[in-house]
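Read off the chains here:
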Amino acid sequence: QVQLVESGGGLVQAGGSLRLSCATSGRTFSWYVMGWFRQAPGKEREFVTAIRWSGGTRYYADSARGRFTISRDNAKNTVYLQMNSLKPEDTAVYYCAAGAAWSPKSDSQRAYNYWGQGTQVTVSS
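Everything numeric in this text was worked out from a predicted model, so none of it was measured. (Residues numbered from 1 in each chain as written. Predicted model: local features only at pLDDT ≥ 70, side-chain atom pairs only at ≥ 80, totals over all residues. Heavy atoms only, no water.)

**Regarding the nonpolar core**
Buried together is how nonpolar side chains tend to be arranged in soluble globular proteins. Convention followed: Definition of nonpolar core: a set of buried residues of the types Ala, Val, Leu, Ile, Met, Phe, Trp, Tyr and Cys, connected through side-chain atoms within 4.5 Å. Any residue under 20% of the maximum accessible area for its type is buried, any over 50% is exposed, and the rest in between are partly exposed; the area is computed with a 1.4 Å probe on protein chains only. Secondary structure elements follow DSSP: runs of H or I no shorter than four residues count as helices, runs of E no shorter than two count as strands, and numbering proceeds from the N terminus. In what follows, residue pairs with any heavy atoms lying within 4.5 Å of each other are defined as contacts.
In terms of nonpolar packing, the biggest core is built from 26 residues, with Met34, Trp36, Phe68, Val79, Met83 and Tyr94 touching the most fellow members. For this core, the secondary-structure elements that each account for two or more residues are strand E3 (18-25), strand E4 (33-39), strand E5 (46-52), strand E7 (68-73), strand E8 (78-83), strand E9 (92-99) and strand E11 (119-124). Look past the residues within four positions of Phe68 in its chain and what remains in contact with it is Arg38, Val48, Tyr60, Leu81, Gln82, Met83, Asn84, Leu86, Asp90 and Tyr94. In terms of nonpolar packing, the next biggest core, distinct from the first, is built from 8 residues, Phe37, Ala61, Ala97 and Ala111 among them.

**Things to note about the environment of Gly116**
Summarising the element assignment, Gly116 is placed in the loop between strand E10 (114-115) and E11. C-alpha of Gly116 to C-alpha of Pro104: the two residues are 12 residues apart in sequence and 22 Å apart in space. In this view, Gly116 contacts Leu4, Glu6, Tyr95 and Cys96; residues no more than four positions away in its chain are not counted.

**Here's the deal with the side chain of Arg52**
Note the cut-off: Charged residues are defined here as Lys and Arg on the positive side and Asp and Glu on the negative side; His and the ends of the chain fall outside this count. Definition used for salt bridges: Asp or Glu carboxyl oxygen within 4 Å of a side-chain nitrogen of Lys or Arg. Counted as a polar contact is a pair of N or O atoms within 3.5 Å, where, for protein atoms, one must be capable of donating a hydrogen and the other of accepting one, and residues adjacent in sequence contribute only when both atoms are in side chains.
Following the sequence through the fold, Arg52 ends up in strand E5. One buried charged side chain, Arg52, makes no salt bridge at all; its nearest oppositely charged neighbour is Asp107, positioned 8.4 Å away. In this structure the side chain of Arg52 is engaged in a polar contact, spanning 3.2 Å, whose partner is the side chain of Tyr59. Among the polar contacts listed, one links the side chain of Arg52 to the side chain of Ser106, at a separation of 3.1 Å. With near-sequence residues (within four places) excluded, Arg52 lies in contact with Tyr32, Val33, Thr57, Tyr59, Arg72, Ser103 and Ser106.

**Description of the environment of Gln117**
Inspection of the secondary structure assignment puts Gln117 in the loop between E10 and E11. Placed 25 residues apart in sequence, Gln117 and Ala92 show a C-alpha to C-alpha distance of 13 Å. With residues up to four places along the chain from it excluded, the contact list for Gln117 reads Leu4, Val5, Glu6 and Tyr95.

**A word on the packing of aromatic side chains**
To be explicit about the condition: Side-chain rings of Phe, Tyr and Trp (the six-membered ring for Trp) are treated as a pair once their centres are within 6.5 Å; stacked means planes under 30 degrees apart, edge-to-face means over 60, and tilted covers the remaining angles. Put simply, a charge is over a ring when the Lys NZ or the Arg CZ is close to the ring centre, within 6 Å, and near the line of the ring normal, within 35 degrees.
Per the stated rule, a full pass over the model turns up 5 aromatic pairs. Site record: aromatic cluster; members linked through ring pairs are Phe37, Phe47, Tyr112 and Trp115. Positioned above the aromatic ring of Tyr95 is the side chain of Arg45, whose terminal nitrogen or guanidinium carbon lies 3.9 Å from the ring centre. Residue placement shows Arg45 over the ring face of Trp115; its charged tip is 4.8 Å from the ring centre.

**Examining unusual backbone geometry**
Phi at Asn77 is positive, roughly 50°, even though this residue is not glycine. Summarising the element assignment, Asn77 is placed in the loop between E7 and E8. Unusually for a residue other than glycine, Ser85 sits at a positive phi of about 50°. Mapped onto the fold, Ser85 is located in the loop between E8 and E9.

**A few points about the sheet that holds E8**
Using the following cut-off: Two strands pair under a simple rule: DSSP has to find at least two bridges between them. Only C-alpha atoms enter the line fits that serve as axes; for helices the fit covers just the stretch in contact. Angles between N-to-C directions range over 0 to 180 degrees.
Read across the sheet, 4 strands follow the order E1-E3-E8-E7 without closing on themselves; strand pairing throughout is antiparallel. Bordering the open sheet on either side are strand E1 (3-7) and E7, each of which pairs with just one other strand. With direction set aside, neighbouring strand axes in the sheet form an average angle of 15°. Strand direction decides the pairing type here: E7 and E8, joined by 6 bridges, are antiparallel. The residue of E8 that forms the bridge with Arg72 is Val79.

Following this line, the structure appears as structure tokens:
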């Protein structure tokens, strides 16, 4: 059974940093793509960033580019999200997602087959 488990969320002041982790298990070969999405209260879930497992191509939403960095550890089947210069508008539940097959749009939720339970990130002003 495939599982994605996020960790690293919490409360941080504006301008601070957090690093989220997403550990995957239950799959014996590499994912095609892994990504992070977030959902703020009263808003739809939105794309943050993604990384192609083979080759490491990265994609970022405009809101994340320059402040957030996605990375992966192939040996640990883990993906990370380093978030710097956090703003109150980054407050949301952050979800890790994994896609098993090729998809033309890594920023679409349709590219992902498995989702984590989410981890809360709260940025205070």
